[in-house]
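Listed below are the residues making up each chain.
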Amino acid sequence: MNAITSAVLGYVVLQLLLGAYISRRVRTEEDYLLAGRSLGPGLVVFSIFATWFGAETCLGAAGAVYANGLSGGRGDPLGYALCILFLGFMFALPLWRMKLTTAADLYRRRYSRPVETLVVVITVPTSLLWAAAQIRAFGQVISAVSGIDPTVTITIAAVVVVVYTMLGGFLADVWTDVIQGITLTAGLLMLVFVVLRRHGAELVSSIDPERIRLLDPSVSPLVMIEALAIPILGSVMAPELIARVLAARSGQVARVAAISAGGVYFLVGLVPVALGLLGYVLIPGLEDPEQILPRLAEMHLSPVLYAIFAGAILSAILSTADSTLLVSSSLVVHNLLGPRLAHLGEHAKVTFHRAGVAVFGVVAYGLAFSAEGVYALVVEASAFGSAGIFVVGAIGLRSRIGAAPSALLSISLGAATWILGAYIVGWDYPYLVSLAAAALGYLLGLPFGRNEGRALHASVAG
């Protein structure tokens, strides 16, 4: 057993023990899904940061900058940092004041149950594809460093994620986020420090000035706006993100923590960007740009430090997977099956949620083997339906204009336009067009509903 395998095994054991310990504190549905709404600012900040700053973010941003210079890194860290800041300034406080249990509750309270159902139907498949990608990535990476057959390692990854999430629920997920975020940040800072200490100012001066241009003149302005709109508007209503706001112990904690997490995300996100720029000078011609961080770590870190760094990357994959499984289960059990389970006690509801995690874990495990293109499917699915969900959520949360017909038309027209533009016609900026279509759908639905949507509590819009 090599050092990397040992480091990852140690993390997995720690994760399972933590899940078992935290499971003793889970007594109600609110405990399981929102940690009893008791999270302080530190836990919320690190959980928001770590949920978005995962392995794909880290490796993807460095790879994009390695391949295309600074102009290739618009989505990360800038786009997702602005997404989190947007959530903090505009939506965190009103969302927390509504005392929602899941993000989909907003659409039922403000519009209707059919709108809630449509949001769940669009959201859950995307989360499952994302979970499948994490499980597959974890298994493939472990297989590469250990020599064990990928089928075995992917199976191990799925079992660990399912058991851990079933046991500890959201609070266990949050603590994993904190551990993963601190470890990954420390690993990135350690790597950039070693690279700069070894190569110094000579390396920095060797960077091609063309590669530090923020804007690519050959790219249409609308395409550049699209690259930012998808992470900002497509993710601000993501249930994984909203859950962390809802779990804060006060509205002020939710707001300040989200704003702080956006700042932390941007600052830490500059490290992969810097390593991508420096890596192009040190290792030019890399066939797979997303391998630049592991290659730099292998070249510059001792075996022990390299094992810690690799373990941090792999733990990030595992941590993201449990968030997506928990969200999928919560949306189906709480939002779709909720009326049928209302008569049950809290212990029975928690049991249903744990069963949901197990079922969706099996589905994600199956998807992990379904196609080599699962990563491409995840990237495309991240924008599917999110235009309408954003438009409906933002308008519904901040105003009383529009009702259920507007919401249904907006979400449906936005999703249909995305499918047409991304898969059939091949537009250069399908997400921007789908946003416009979603806004148009909302307007077209106004005459078919009441003049004002369902009134929310007066304090929500504060």
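Nothing here was measured: the structure is a model prediction, and the numbers come from that model. (Residues numbered from 1 in each chain as written. Predicted model: local features only at pLDDT ≥ 70, side-chain atom pairs only at ≥ 80, totals over all residues. Heavy atoms only, no water.)

Focus: the overall build of the protein
Each helix and strand in the protein was counted, giving 19 helices and 0 strands. A globule of 462 residues ought to have a C-alpha radius of gyration of about 23 Å, and the protein, at 22 Å, matches this closely. For the protein, with 462 residues in total, the buried portion stands at 54%. Long-range contacts, defined as pairs at least 24 residues apart, comprise 86% of the intrachain contacts of the protein with a sequence gap of at least 6. Taken as a whole, the protein presents about 18,400 Å² of accessible surface, with 68% of it coming from carbon and sulfur. Side chains of the protein carry 27 positive and 26 negative charges; the gap between the two charge centres is 14 Å. (Helix = DSSP H or I, 4+ residues; strand = E, 2+ residues; numbered from the N terminus. Rg over C-alpha atoms; globule rule 2.2 N^0.38 Å. Buried < 20%, exposed > 50% of the residue type's maximum accessible area, 1.4 Å probe, protein only. Contact = heavy atoms within 4.5 Å. Areas by Shrake-Rupley, 256 points an atom, 1.4 Å probe, with all protein chains shown as cover. Lys, Arg positive; Asp, Glu negative; His and termini not counted. Charge placed at Lys NZ, Arg CZ, Asp CG, Glu CD.)

With respect to the environment of serine 260
Along the polypeptide, serine 260 turns up in helix α11 (residues 251–282). Between the C-alpha atom of serine 260 and that of cysteine 58, which follows or precedes it by 202 residues, the distance is 19 Å.

Observations concerning the packing of aromatic side chains
As enumerated under the stated definition, the model contains 8 aromatic pairs in all. Both rings, one in phenylalanine 86 and one in phenylalanine 390, keep their centres 6.4 Å apart while their planes meet at 50°; by these two values the pair is tilted. Taken together, the positions of phenylalanine 86 in helix α5 (residues 74–97) and phenylalanine 390 in helix α17 (residues 386–398) put the pair 304 residues apart, joining distant regions of the chain. Ring geometry for tryptophan 418 against tyrosine 431: centres 6.5 Å apart, planes inclined by 75°, an arrangement best described as edge-to-face. You can see tryptophan 418 sitting in helix α18 (residues 404–425) and its partner tyrosine 431 sitting in helix α19 (residues 430–445), a full 13 residues away along the chain. Comparing tryptophan 418 with tyrosine 431 shows no difference in burial state: the two are buried. Taken together, Phe49, Phe53 and Tyr265 form an aromatic cluster joined through their ring pairs. Sitting over the face of the ring of tryptophan 96, lysine 99 holds its NZ or CZ atom 3.4 Å from the ring centroid. (Phe/Tyr/Trp six-rings, centres within 6.5 Å; stacked < 30°, edge-to-face > 60°. Lys NZ or Arg CZ within 6 Å of the ring centre and 35° of its normal.)

Quick word on the confidence of the model for the protein
Close inspection of predicted coordinates is inappropriate in any region flagged by low pLDDT. When pLDDT is averaged along the protein, the result is 84; 91% of the residues meet or exceed 70. The weakest mean pLDDT in the protein belongs to helix α16 (residues 374–381) at 52; the strongest belongs to α19 at 96. Taken together, the stretch residues 457–462 has pLDDT below 50 and engages in 10 contacts with residues farther than four places along the chain or on a different chain. (pLDDT = per-residue confidence, 0-100.)

As for empty space enclosed by the protein
Counted by the stated rule, this structure contains 1 cavity of 30 Å³ or more. The computed volume of the largest cavity comes to approximately 140 Å³. Around the largest cavity sit 17 residues that line it, and Leu33, Pro239, Ala243, Val327 and Ser330 are the ones nearest its centre. Elements that contribute at least two residues to the lining of the largest cavity include exactly α2 (29–34), α8 (150–205), α10 (239–246) and α13 (303–336). Here the lining of the largest cavity is built from residues that sort into 11 nonpolar, 4 polar and 2 charged. (1 Å grid on protein atoms, 1.4 Å probe; cavity = no way out; pocket = protein on both sides within 12 Å on 5 of 7 lines; lining within 4 Å. Points joined across faces, edges and corners; volume = space filled by probe spheres on them. Nonpolar A, V, L, I, M, F, W, Y, C, P; charged D, E, K, R; others polar.)

Some words on the packing of α17 against α18
Between α17 and α18, the shortest axis-to-axis distance is 7 Å and the interhelical angle comes to 155°. In terms of orientation, α17 lies roughly antiparallel with respect to α18. When you trace α17 past α18, the crossing you get is right-handed. Where α17 abuts α18, its residues Gly388, Ile389, Val391 and Val392 lie against Ala407, Ser410 and Ile411. (Axes fitted to C-alpha atoms, helices over the stretch in contact; angles between N-to-C directions. Parallel < 35°, antiparallel > 145°, perpendicular 65-115°, else oblique. Left-handed = near helix turned anticlockwise from the far one by under 90°.)

Some points on the side chain of aspartate 173
Locating aspartate 173 in the fold gives a position in helix α8. Only 2.9 Å separates the side chain of aspartate 173 from the side chain of serine 323, close enough to count as a polar contact. Those residues within four positions of aspartate 173 in sequence are excluded, and the remaining contacts are Tyr164, Arg244, Ser319, Asp322, Ser323 and Leu326. (Polar contact = N/O pair within 3.5 Å; in protein donor to acceptor, adjacent residues only side chain to side chain.)

Quick look at the environment of glutamate 202
Inspection of the secondary structure assignment puts glutamate 202 in helix α8. For the pair formed by glutamate 202 and leucine 100, sequence separation is 102 residues and the distance between their alpha carbons is 54 Å.

Quick notes on α19
Its 16 residues place the ends of α19 22 Å apart at the C-alpha level, agreeing with the 22 Å of an ideal helix rising 1.5 Å per residue. Of all the residues in α19, the buried ones are Pro430, Tyr431, Ser434, Leu435, Ala437, Ala438, Gly441, Tyr442 and Gly445. Taken down its axis, α19 places every buried residue within 165° of arc, on the same side. On its buried face, α19 is in contact with α6 (105–110), α9 (221–233), α17 and α18. (Expected span 1.5 Å × (residues − 1). Arc of directions from axis to C-beta.)

Points about α18
With 22 residues, α18 extends 30 Å between its outermost C-alpha atoms, agreeing within 8% with the 32 Å of an ideal straight helix rising 1.5 Å per residue. Those residues of α18 not exposed but buried are Ala404, Ser406, Ala407, Ser410, Ile411, Gly414, Ala415, Thr417, Trp418 and Gly421. Directly beyond the C-terminal end of α18, a positive phi value near 85° is found at glycine 426.

Some words on the pattern of salt bridges
Taken as a whole and assessed by the stated rule, the structure comprises 6 salt bridges. Between arginine 113 and glutamate 116 there is a salt bridge whose closest N-O contact spans 3.0 Å. Of this pair, arginine 113 and glutamate 116 both sit in helix α7 (residues 113–146), separated by 3 residues, roughly a single helical turn. A relative accessible area of 36% places arginine 113 in the partly exposed class. For aspartate 173, the salt bridge goes to arginine 244, with nearest N and O atoms at 2.9 Å. Here aspartate 173, found in helix α8, pairs with arginine 244, found in helix α10; they are 71 residues apart in sequence, far enough to count as distant. Each of the two residues, aspartate 173 as well as arginine 244, counts as buried. (Salt bridge = Lys/Arg side-chain N within 4 Å of Asp/Glu carboxyl O.)

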